Amino acid sequence: MKSNGTPKPNYALNLLHSRFGVDSFNIFEGPANGFEMLYLFEKSLQAVDHVGNPVLANGDVIVISTAAFTTEPVFVENQLRLMLRNHGVELLFQPPYSPEFNSCEFCFRSMWAYSRQHEQFSINFTEPAIIQGLQTITPAISQNIFSHCGFTFCPKRREFHTMESYYCDDISLVNTSQ
């Protein structure tokens with residue numbers, strides 16, 4: 001509850017991660033959904049990084065959890081495939097139930113750790129706390145995460161990215177028992 005007695009909103013987070021760090025994300029109130037995921041990719045296909053390179057470009061590979069589409073209509077997956085294919089980006093799926101291969105899971109852990117260290121801030125300002133938690137994920141940390149998840153750089157591919165959605169509320173975000 002907020003201090004004025006109104007319930008705090010629940011948030012969902014879509015995250016696009018590469019060995020250079022968190023490439024793109026969107027945070028929104030309510031449960032994760034395919035339309036917000038499509039928006040993240042649309043935004044990412046138009047974005048450039050801090051040195052002017054496209055975030056997603058021809059030759060990139062997106063590795064996504066199969067869980068991202070378990071509750072979504074088929075047209076969301078088809079639209080995403082078409083959108084990425086039109087930009088020369090390949091979409092691959094992880095094996096089912098394999099969070100150990102998903103670099104985003106490790107990003108979420110970093111976000112949770114930040115949230116636990118700044119619990120009162122996270123309770124009162126959940127969305128800025130999520131953003132600040134994601135900003136702790138440096139390129140060096142990202143490269144270690146990708147190595148740990150079994151990704152290796154392939155000269156035929158420009159870059160690997162992983163994508164995941166996470167549903168978080170003010171309780172799970174700061175739960176210190178995890």
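Above this text sits the structure in question.
Residues numbered from 1 in each chain as written. Predicted model: local features only at pLDDT ≥ 70, side-chain atom pairs only at ≥ 80, totals over all residues. Heavy atoms only, no water.

1. Some points on the packing of aromatic side chains
Cut-off, in case you're wondering: When the centres of two rings from Phe, Tyr and Trp lie within 6.5 Å, Trp using its six-membered ring, the rings pair. Their planes under 30 degrees apart give stacked, over 60 give edge-to-face, and anything left gives tilted. Labels follow the DSSP assignment, with helices taken as runs of H or I lasting at least four residues and strands as runs of E lasting at least two, numbered in each case from the N terminus.
Tallied over the entire structure, the rule returns two aromatic pairs. Ring centres of F35 and F75 lie 5.8 Å apart, and the angle between their planes is 45°; this geometry places the pair in the tilted category. With F35 in helix 1 (residues 34-46) and F75 in helix 2 (residues 74-85), the pair connects residues that are 40 residues apart, well separated along the chain. Aromatic pair F121 and F125: ring centres 5.6 Å apart, planes at 35°, arrangement tilted.

2. Concerning helix 2
Basically, it comes down to this: A helix's residues, less one, multiplied by 1.5 Å, set its expected span. Accessibility here uses a 1.4 Å probe with only protein chains present; expressed as a share of the type maximum, an area under 20% marks a residue as buried, one over 50% as exposed, and anything in between as partly exposed. The arc in question is the one spanned by the directions pointing from the helix axis to the C-beta atoms.
The terminal C-alpha atoms of helix 2, which comprises 12 residues, lie 17 Å apart, in line with the 16 Å expected from a rise of 1.5 Å per residue. Residues V76, L80, M83 and L84 constitute the buried set of helix 2. The buried side chains of helix 2 occupy one side of the element, clustering within an arc of 90° when seen end-on. Among the exposed residues of helix 2, those pointing more than 90 degrees away from its buried face are V74 and R85.

3. Considering helix 1
We count it as follows: Throughout this description, a polar contact denotes any pair of N or O atoms lying within 3.5 Å of each other; where both atoms belong to protein, one of them has to be capable of donating a hydrogen while the other can accept it, and for residues adjacent in sequence the pair is counted only when both atoms sit in side chains.
Compared with the 18 Å implied by 1.5 Å per residue over 13 residues, the 19 Å span of helix 1 between its first and last C-alpha is a close match. Turning to helix 1, its buried residues are G34, M37, L38, L40, F41, S44 and L45. The buried residues of helix 1 occupy one face: seen down the axis, they fall within an arc of 155°. Sitting at the amino-terminal end of helix 1 is N33, which places a side-chain oxygen 3.1 Å from the backbone nitrogen of F35.

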